[in-house]
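# Analysis of the macromolecular model
Listed below, chain by chain, are the residues.
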Amino acid sequence: MQAANSISTPVPVAWYPTLAVAMVAVGLMLTASFFIYEATSSRKSHSLAKEITTGALASVFLGFGSLFVLLGSGVYV
């Protein structure tokens, strides 16, 4: 009987803190950009595509950033 192969991470563990900081920073910048766009544009000049794109990208970056924050602090999810 063969020994089972261990599961390895696709990203080196040493990169977790760097990825966490970078992704959370980008996510926060996109969130700030979204709020500034919403506060400064008039009702007639709103672009639904821009709102959805910016919101979705901010959500993805903040989601993966918080995942790497947890992984970097030793909480393996």
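You'll find the structure just up there.
Summary of the structure given here. Given the structure is predicted, the values throughout are model-derived calculations rather than measurements.

Okay, the packing of aromatic side chains next. All told, the structure shown has 2 aromatic pairs when counted by the stated rule. Centroid distance tyrosine 16 to phenylalanine 68: 5.6 Å. Interplanar angle 45 degrees. Geometry classified as tilted. Taken together, the residues tyrosine 16 in helix H1 (residues 16-40) and phenylalanine 68 in helix H2 (residues 48-72) connect sequence positions 52 residues apart. Taking relative accessible area as the criterion, tyrosine 16 reaches 6% and is therefore assigned buried. Between phenylalanine 34 and phenylalanine 35, the ring centres sit 5.9 Å apart and the planes meet at 70 degrees, which makes this aromatic pair edge-to-face. Since its relative accessible area comes to 25%, phenylalanine 34 is described here as partly exposed.

Taken together, Leu70, Val75 and Val77 make up a surface patch of nonpolar side chains, about 260 Å² in accessible area. Mapped onto the elements, valine 75 comes out in the segment after H2.

Mapped onto the fold, glycine 27 is located in helix H1. You can call glycine 27 buried: its relative accessible area is 0%. Along the sequence, glycine 27 and phenylalanine 64 sit 37 residues apart, while their C-alpha atoms lie 9.3 Å from each other. Excluding residues that lie within four positions of it along the chain, glycine 27 makes contacts with Ala58, Phe61 and Leu62.

As a further point, take H1. Three- or four-residue spacings in an α-helix give side chains the same orientation, since the helix completes a turn every 3.6 residues. In this model, H1 (25 residues) spans 36 Å end to end at C-alpha, consistent with the 36 Å of a helix rising 1.5 Å per residue. Turning to H1, its buried residues number three or more, namely Tyr16, Ala20, Gly27 and Tyr37. Packed against the buried residues of H1 are H2.

Reading the values: rules and limits
Residues numbered from 1 in each chain as written. Predicted model: local features only at pLDDT ≥ 70, side-chain atom pairs only at ≥ 80, totals over all residues. Heavy atoms only, no water. Phe/Tyr/Trp six-rings, centres within 6.5 Å; stacked < 30°, edge-to-face > 60°. Helix = DSSP H or I, 4+ residues; strand = E, 2+ residues; numbered from the N terminus. Buried < 20%, exposed > 50% of the residue type's maximum accessible area, 1.4 Å probe, protein only. Patch = residues over 30% accessible without salt bridge, like charges linked within 9 Å, V, L, I, M, F, W, Y side chains within 5 Å. Areas by Shrake-Rupley, 256 points an atom, 1.4 Å probe, with all protein chains shown as cover. Salt bridge = Lys/Arg side-chain N within 4 Å of Asp/Glu carboxyl O. Contact = heavy atoms within 4.5 Å. Expected span 1.5 Å × (residues − 1).

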